[in-house]
Protein chains: 2
Amino acid sequence: MADDDDATASVLETNAAFYRAFTRGDIAAMRELWAEHAELLCFHPGGSLLRGRTEVLGAWEQILAAPPPLDMRCHEAQVHLHGEIAIVTCYEGNGAQAPHLAATNVFILEGGRWRMMHHHAGPLAQPARGPARARPNSLN
Amino acid sequence: MADDDDATASVLETNAAFYRAFTRGDIAAMRELWAEHAELLCFHPGGSLLRGRTEVLGAWEQILAAPPPLDMRCHEAQVHLHGEIAIVTCYEGNGAQAPHLAATNVFILEGGRWRMMHHHAGPLAQPARGPARARPNSLN
């Protein structure tokens, strides 16, 4: 189980790095945390499927270039490990506001490092409620 | 690659069974296609995370019990295989209408059978366009 604990911690760190790169508008960090070999996938809120490194990272480049960057915080991240694939479920919100998006982030172990391979975010019908849902669990 | 082709076909069949069970309001078929051992996860459109067999299948029981069932069709299903985990990205729509949801479905190989372990569906900002997007690829 120590291995699982290590894997969970590493996945959470990559997940946190994703929201940090988002908030800082750091395209280099964003490129670095996505998988190099697995095919990349992304559903932005309301958007159609982006597929492949060029489409997915090209869209991120546009999003991160548009000032001002959002203070995109991740709440209630839960890691679900399945061998060399990890699924993170979480909520996303802007700064101190209640989270307004639900997200599924999928990571893959590549060369000993957990990398993002799929991001799917969509709107919550109502902002997540209560103190547990308002507490971010990644540093941005 | 023949093994991958077989796996892809099996995953697509389970994915199609999911939309068939949805459309028919068939809770027995719905229960049967979800994983028995992996922890189940589900984000319905706009909803918070459902986790575990009781929560996920309980919600499906309520959805499927409410008449009339939707004619929920799956469009443009694409399988992304990663060992014993498969991710399906697709669009969902009601009957002949243009798809209005984007979905990520995650499957796991349990006892030689592909079972659903995560479903995340969220609204498209605008219905998917064009004939390619309007052609369902699962039989309902």
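The model shown is predicted, which means the values in this text are computed figures rather than measured ones.

What counts and how
Residues numbered from 1 in each chain as written. Chains lettered and ligands numbered in written order. Predicted model: local features only at pLDDT ≥ 70, side-chain atom pairs only at ≥ 80, totals over all residues. Heavy atoms only, no water. Least-squares fit on C-alpha atoms with pLDDT ≥ 70 in both. Core = buried A, V, L, I, M, F, W, Y, C linked by side-chain atoms within 4.5 Å. Buried < 20%, exposed > 50% of the residue type's maximum accessible area, 1.4 Å probe, protein only. Contact = heavy atoms within 4.5 Å. Helix = DSSP H or I, 4+ residues; strand = E, 2+ residues; numbered from the N terminus. Pairing = 2+ DSSP bridges. pLDDT = per-residue confidence, 0-100. Expected span 1.5 Å × (residues − 1).

**With respect to the relation of the copies chain B and chain A**
Part 1 of the reasoning: For the pair chain B and chain A, the best superposition has an RMSD of 0.0 Å and corresponds to a rotation of 180 degrees with a translation of 0.0 Å parallel to the axis. Such a combination of turn and shift is consistent with a two-fold rotation axis. It is B:Gly122 whose C-alpha, among those of chain B, lies nearest the rotation axis, at 2.6 Å.

**Quick notes on the nonpolar core**
Part 1 of the reasoning: Within the largest apolar cluster, 90 residues are counted, with the highest numbers of intra-cluster contacts made by A:Met30, A:Trp34, A:Trp60, B:Met30, B:Trp34 and B:Trp60.
Part 2 of the reasoning: Contact partners of B:Trp60, with chain neighbours within four places excluded, come to B:Phe18, B:Phe22, B:Ile27, B:Met30, B:Trp34, B:Cys42, B:His44 and B:His119.

**Observations concerning the pairing of strand S4 (residues 85–94) of chain B**
Residues and elements named next belong to chain B.
Part 1 of the reasoning: Within S4, nine of the ten residues are buried, which leaves the element mostly enclosed by the surrounding structure.
Part 2 of the reasoning: Looking at chain direction, strand S3 (residues 72–82) and S4 are connected through nine bridges and run antiparallel. Pairing of Gln78 across the sheet is with Thr89, part of S4.
Part 3 of the reasoning: What sits between S3 and S4 in their antiparallel hairpin is a turn of two residues, with Gly83 showing a positive phi close to 65 degrees.
Part 4 of the reasoning: Taken together, S4 and the strand that follows it, strand S5 (residues 101–110), pair antiparallel across an intervening segment of six residues, in which Gly95 is found at a positive phi of about 60 degrees.

**Comments concerning the confidence of the model for chain A**
Part 1 of the reasoning: Residues at a pLDDT of 70 or more form 89% of chain A, whose mean pLDDT is 90.
Part 2 of the reasoning: Interface confidence in the predicted complex, given as ipTM, is 0.90; pTM for the same model is 0.91.

**Let's talk about helix H1 (residues 2–24) of chain A**
Residues and elements named next belong to chain A.
Part 1 of the reasoning: Between its terminal C-alpha atoms H1 stretches 32 Å, which fits the 33 Å expected from 23 residues at 1.5 Å a residue.
Part 2 of the reasoning: Turning to H1, its buried residues number three or more, namely Ala7, Val11, Thr14, Asn15, Ala16, Ala17, Phe18, Tyr19, Ala21, Phe22 and Thr23.
Part 3 of the reasoning: Where H1 is buried, its residues touch helix H2 (27–33), helix H3 (53–65), strand S3 (72–82), strand S4 (85–94), strand S5 (101–110) and strand S6 (113–123).
Part 4 of the reasoning: The positive-phi residue at the C-terminal boundary of H1 is Gly25, with phi of around 65 degrees.

**So, the pairing of S5(B)**
Residue and element names in this part refer to chain B.
Part 1 of the reasoning: Counted residue by residue, S5 has nine buried out of ten residues, so it is predominantly covered.
Part 2 of the reasoning: In the sheet, S4 pairs with S5 via eight bridges, with the strands oriented antiparallel. Among the inter-strand pairings, Ala86 is bridged to a residue of S5, identified as Phe107.
Part 3 of the reasoning: Both S5 and strand S6 (residues 113–123) contribute to a ladder of ten bridges, which runs antiparallel. Looking at the pairing, Glu110 lines up with Arg113 of S6.

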